[in-house]
Amino acid sequence: SFSLSDGMCGLEPTDSLQCVTSTSSKILVKGGTVVNADYQQNADVYIEDGIIKLVAPNLKVADDVRIIDAAGKFVMPGGIDPHTHLEMPFMGTESADSFFTGQAAALAGGTTMHIDFALPIDGDLAAGYDIWAKKAKKSCMDYGFHMAVTAWNDKVAKDMEILVKEKGINSFKFFLAYKGYFMVTDGEFLQGLRKCKELGALPLVHAENGDAVAEGQTRIFEQGITGPEGHPLSRPSVLEGEATGRAIKLAHFVNTPLYVVHVMSIDALDEISRARAQGIRVVGEPIASGLALNDSVHWHSDFQAAAKYVMSPPIRPAGHDKALQAALANGVLQLVGTDHCPFTSEQKAAGKHDFRKIPNGLNGIEERMHLVWDLMVNSGKISVKDYVRITSTACAQIYNIYPQKGAVLPGSDADIIILNPNRTTTISAKTHHTTIDTNVYEGWTIKGNIEVTISQGKVVWDNGQLNVEKGAGRYIPMPPFGPLFDGLEKLDAARLRSYNPVDRTIV
Ligand SMILES: C[C@@H](CNC(N)=O)C(=O)O
Ligand SMILES: [Zn+2]
Ligand SMILES: [Zn+2]
Ligand SMILES: [Zn+2]
């Protein structure tokens, strides 16, 4: 307990300094600018047993506390990545990062929690959950699961109920693309939406028209375009816009909120913007690659150099990236993911003579926090508080784990990053921790460097040194939403609430 009357540090209770008695090795992050989504202050952060205990100026601590000097730096909630695929079996192979390697890379890049997509095994959700739980045993970082729904029957409905009520899952992803793999029909999607509403779970959608994509792929390939450039040509943004609009309308018909994953285009963004203007509850998640890159990369003469960018929906022509950044700045889009689903050059070579066989997916889990800082804060588009909101707090609120996650507040998990705005970061496959030989952000230099990452109250990244422990990662159950989906309501309320520095509560 913390009291000013303990006399341990010889300070009178009236002193402006706060005194903390400490009996074991703890951490004090000193002298930084602490930034939450709705409040910024110069303060110290005291951490004990993995939990943030105090956020206040001028804390004095006993001498067995580790002090980290954060003067001139930003002290923020660790990033939360809402969209990853570790160890994911896909297109005849498996994404190259394990739960351990992908999470180590994330910690090195300032992300301290991710939500991975558990996939059903032959349509069996319960079996899929068990497989993912096993994969995650090697975790070194906290994580949650979404569950994908790739078919519909009574067992799927039953399993969804069990996963929500007993396994800490509160979101389900429906693919309107990947015909013959994951794609569900509109009828199945409707059933899923209705079940999500009944359970208080958030439906997520991969919005591309899968029938049209299949037709486009055949047509482009048969015209003799077999290289990576065939990928974006075969699934233009109009197909993403069509499916996004359709998904929003079906969710509105069921009257349930909808979360659109990897929003990659103006076409999709316009559908989301129009729906939100009508008061329909839609969340839009752009990802690092859609914000940072344009589709010229697919025309690179070297197959490997082009194939590393192949993901779905495709990276779009220049202009879409800027529109996505603007929408993120003005609140039409709410948070940033990565869709981290990396494949090595060898794996990508499966599509050497047929772009339809290039495993879809690219890296991002390690780069997101630096890229968003560069694209959105350094450019002046958003404030540091907004940066915290879109990289961490909004995700925690949408998935109903705020303020355990997504805040530097007394009582929150001690997942914290220290960013030095005056140091640069250069991204390269030569230095990254992701286990693939390429990096889609190769050579990108950013003004700003996340020097320290604290996860579960331990320093796991310290100026270039990773110090992670396999098995230390925890599964974070995500509770279902009340009938009003209060998780989404909190998102807006948080922008209005003020932080009371005196008794350190959010009023
Ligand atoms: C299959 C998975 C990752 N791959 C991708 N987005 O290209 C997804 O569609 O989100
Ligand atoms: Zn004292
Ligand atoms: Zn997807
Ligand atoms: Zn994905």
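Residues numbered from 1 in each chain as written. Chains lettered and ligands numbered in written order. Predicted model: local features only at pLDDT ≥ 70, side-chain atom pairs only at ≥ 80, totals over all residues. Heavy atoms only, no water.

Caption draft 1: Representation of the nonpolar core within the structure. In this structure, M76, M160, F172, F189, L258 and Y387 are the most contacted members of the largest nonpolar core, which totals 95 residues. Here the element with the most residues in this core is helix α13 (residues 368–378); it accounts for 7 residues. Apart from the residues within four sequence positions on either side, M160 is in contact with L125, V149, W152, F172, G192, K195, C196 and L199. (Core = buried A, V, L, I, M, F, W, Y, C linked by side-chain atoms within 4.5 Å. Buried < 20%, exposed > 50% of the residue type's maximum accessible area, 1.4 Å probe, protein only. Helix = DSSP H or I, 4+ residues; strand = E, 2+ residues; numbered from the N terminus. Contact = heavy atoms within 4.5 Å.)

Caption draft 2: Representation of the side chain of S312. Tracing the chain through its elements places S312 in the loop between α10 (303–307) and α11 (320–330). On the basis of relative accessible area, S312 is assigned to the buried category, the value being 2%. There is a polar contact of 2.6 Å between the side chain of S312 and the side chain of N360. Apart from the residues within four sequence positions on either side, S312 is in contact with Y178, H206, E208, H231, R235, H262, D339 and N360. (Polar contact = N/O pair within 3.5 Å; in protein donor to acceptor, adjacent residues only side chain to side chain.)

Caption draft 3: Examining the packing of aromatic side chains more closely. Using the criterion set out here, one finds 20 aromatic pairs in the structure. With a centroid separation of 5.7 Å and an interplanar angle of 50 degrees, the aromatic rings of Y143 and Y475 are classed as tilted. Of the two residues, Y143 sits in strand β12 (residues 142–149) while Y475 sits in the loop between β20 (465–466) and α15 (486–496), which places them 332 residues apart along the sequence. A relative accessible area of 7% means that Y143 is categorised as buried. Taken together, the aromatic side chains of F90, F175, Y178, Y181 and F182 make up a single cluster linked through ring pairs. (Phe/Tyr/Trp six-rings, centres within 6.5 Å; stacked < 30°, edge-to-face > 60°.)

Caption draft 4: Layout of the sheet that holds β12. Strand order in the open sheet made by the 7 strands is β8-β11-β12-β13-β14-β15-β16, with parallel pairing throughout. Each edge of the open sheet carries a strand with a single partner, namely β8 (79–84) and β16 (282–284). Mean inter-strand twist for the sheet, computed between neighbouring axes without regard to direction, equals 25 degrees. Sheet topology note: the strand β11 (residues 111–118)/β12 ladder contains 6 bridges and is parallel. Within β12, the position partnered with H114 by the bridge is Y143. Running over the sheet, helix α4 (residues 186–199) touches β13 (171–175), β14 (202–206) and β15 (258–260) and is turned about 170 degrees from β13. Sheet strands touched by α13: β8 and β11. Its angle to β8, the strand with the most contacts, is close to 110 degrees. (Pairing = 2+ DSSP bridges. Axes fitted to C-alpha atoms, helices over the stretch in contact; angles between N-to-C directions.)

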